[in-house]
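# Notes for the structure review
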Amino acid sequence: MKKLISIVTGAFLFGAFIIIISSCAATKEIADKSSTQLWGENCMRCHNTPPSSAYNNTQWETISMHMKLRANLTDLESAKILEFLKSSN
Amino acid sequence: MKIQKKLMTMLSTALILCGSNAFSQDNLTQTERNEITTSQRQSPGNTNFVLAGYTYSGFEKEGDGQGSFGPAGFSPIFLWKKSDKLFFEGEMEMEIEDGEVNFGLEYSTLHYVLNKYFTVSAGKFLSPFGTYAERLHPKWIDKFAEKPLGFSEEGAMVGPMGEFGVSLRGGSQLGNAKINYVAYLSNGPSLITDDPAMAGQLMYDNLADNNNNKAIGGRLGFLPFSNSSLEIGVSGQTAKVGDKGSEYEHTGVNLFSGDISFIHKVGFMDLNIKGQYNQVNVDAATYKDEEGNNLNFDNNSKAYFLQLALRPAFIRNKFIKNIELAGRYSAMNLPEKSLWAGNQSQIGLGLNYWLNWNSVLKIDYMIDQVKGEEKEGAINVQIAFGF
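Residues numbered from 1 in each chain as written. Chains lettered and ligands numbered in written order. Predicted model: local features only at pLDDT ≥ 70, side-chain atom pairs only at ≥ 80, totals over all residues. Heavy atoms only, no water.

## Thoughts on the layout of surface pockets
Looking at the second largest pocket, its volume works out to about 680 Å³. In terms of lining residues, the second largest pocket is bounded by 28 residues, among which M44(A), N48(A), T49(A), D270(B) and A313(B) are the most central. Residue assignment for the lining of the second largest pocket shows that the elements contributing at least two residues are α3 (35-43) of chain A together with β13 (252-266), β14 (269-282) and β19 (342-356) of chain B. Counted by class, the lining of the second largest pocket contains eleven nonpolar, ten polar and seven charged residues. (1 Å grid on protein atoms, 1.4 Å probe; cavity = no way out; pocket = protein on both sides within 12 Å on 5 of 7 lines; lining within 4 Å. Points joined across faces, edges and corners; volume = space filled by probe spheres on them. Helix = DSSP H or I, 4+ residues; strand = E, 2+ residues; numbered from the N terminus. Nonpolar A, V, L, I, M, F, W, Y, C, P; charged D, E, K, R; others polar.)

## Some details on the interface of chain B and chain A
On the chain A side, the residues contacting the 51 residues of chain B number 40 residues. Between chain B and chain A lies a buried interface of about 4,000 Å² when both sides are counted; carbon and sulfur atoms form 60% of it. Among the residues chain B hides against chain A, the three largest losses belong to R135(B), Q173(B) and W357(B). Together they make up 17% of the total. One salt bridge connects K178(B) with E77(A), and the closest N-O pair in it is separated by 2.3 Å. At the boundary of chain B and chain A, one finds 16 residue pairs in polar contact (both at pLDDT 80 or more). Looking at which element gives the most residues to the side of chain B that touches chain A, the answer is strand β7 (residues 162-174) of chain B, with seven residues. Grouping the amino acids of the side of chain B that touches chain A by side-chain chemistry returns 22 nonpolar, 16 polar and 13 charged. (Contact = heavy atoms within 4.5 Å. Buried area = accessible area lost by both parts, 1.4 Å probe. Salt bridge = Lys/Arg side-chain N within 4 Å of Asp/Glu carboxyl O. Polar contact = N/O pair within 3.5 Å; in protein donor to acceptor, adjacent residues only side chain to side chain.)

## Topic: the state of the cysteines
Applying the stated criterion across every chain yields a total of zero disulfides over all chains. The thiol of C43(A) is unpaired, and the distance to the nearest cysteine sulfur, on C46(A), comes to 9.2 Å. (Disulfide = S-S within 2.5 Å.)

## Quick look at the pattern of salt bridges
One pass over the structure, following the stated rule, counts 16 salt bridges over all chains. A salt bridge links K28(A) to D32(A), with the shortest nitrogen-to-oxygen separation between them at 2.6 Å. Across the pair D259(B) and R219(B) runs a salt bridge, and its minimum N-O distance is 2.9 Å. Here D259(B), found in strand β13, pairs with R219(B), found in strand β11 (residues 215-223); they are 40 residues apart in sequence, far enough to count as distant. As far as burial versus exposure is concerned, D259(B) and R219(B) are alike and both buried. (Buried < 20%, exposed > 50% of the residue type's maximum accessible area, 1.4 Å probe, protein only.)

And the structure:
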């Protein structure tokens, strides 16, 4: 019975969590941020910012996915950073 | 006969078409033909592969001991992006230390992107218990040559560096703030009971589970500022750790971790602060010492570090802007009455020179203090390249 209550509570909290994050859109301030700004802000959280010339555009697509998963970047951040790196190459 | 005639007509048409195509290609200049061949050769295809990773080598000298070159290591990372939804990442670890070559599989993880908020992953992955294992441990990222106390596989570990299981992860905006999240099921740690000298300690390399219970864990990170400069994270894990069928089968463990990351521009300097606190509480259990006597103790361990780095990144002088000063305090407290007890602290002072964005030369002076013993100094020099 105790286990069942834990499972139901866990499922309820997980459901509530999904509803909350799905309903929270980025504010205008965040949505309007330039891709260059996002590149500078997010890479620096763990390591120096890489120059776009470090990899070619195809490699950046793979590396940006690796970084999105490692740092749990949002979809918008990851897409904009990739856009910046490719457009600067 | 009619069929043969039709076939002949079709063949002739095909030859004429091929011929006209060949003729049209013959009209191309040599440069145009080279461009076509080059673009065909450079076409990336649907599956994108990148070989990344890092390598390092160094010199270390502890106390009055003789200095020695090493350790040296090479960690290739294989990244495959099969599609926008399917991704694989794997890291091999090869290191020469104390005359031995060690091979390891740091991680081997398959990812499937469910939607923009969630990615499900399976395999061996870096533990999202704090951020040190997942984000800061690669030698070209770590500001020091050695890992903090309690975070290294070479000594007693307080908290896992890797997991074997499945996870769900992602990140999302919360207005101007941001959150990121990971939840996972894994084999979890196992409890050492058969070696009296280590009895009660946890082993985190539990590649084959020792019982039916699976560890449940997760991390929640919160970035309150819109510029992502501050991240505060909490992590936890709970599991049963005893061998199936043994008297320790129902012995459990609760692990807790808090982490912080702060980056800020201070005048012409980049300020970078990182910290993590790990605590491991194992349920009460009775172990046997080397003479077969009962051994009971409060099996609680903790390890933590706080690190600060300053780099004058915004000045013009090319040499000075690549210099970084780093300081780190780390400590580890292990259960007092256990046979593997120990209280240890370490102060590290580092001078780093960045050769480029992912290559660094580190010169560290470490002061180790084991409770009840004299302080001992050590010098570590390390060069690390990311690639």
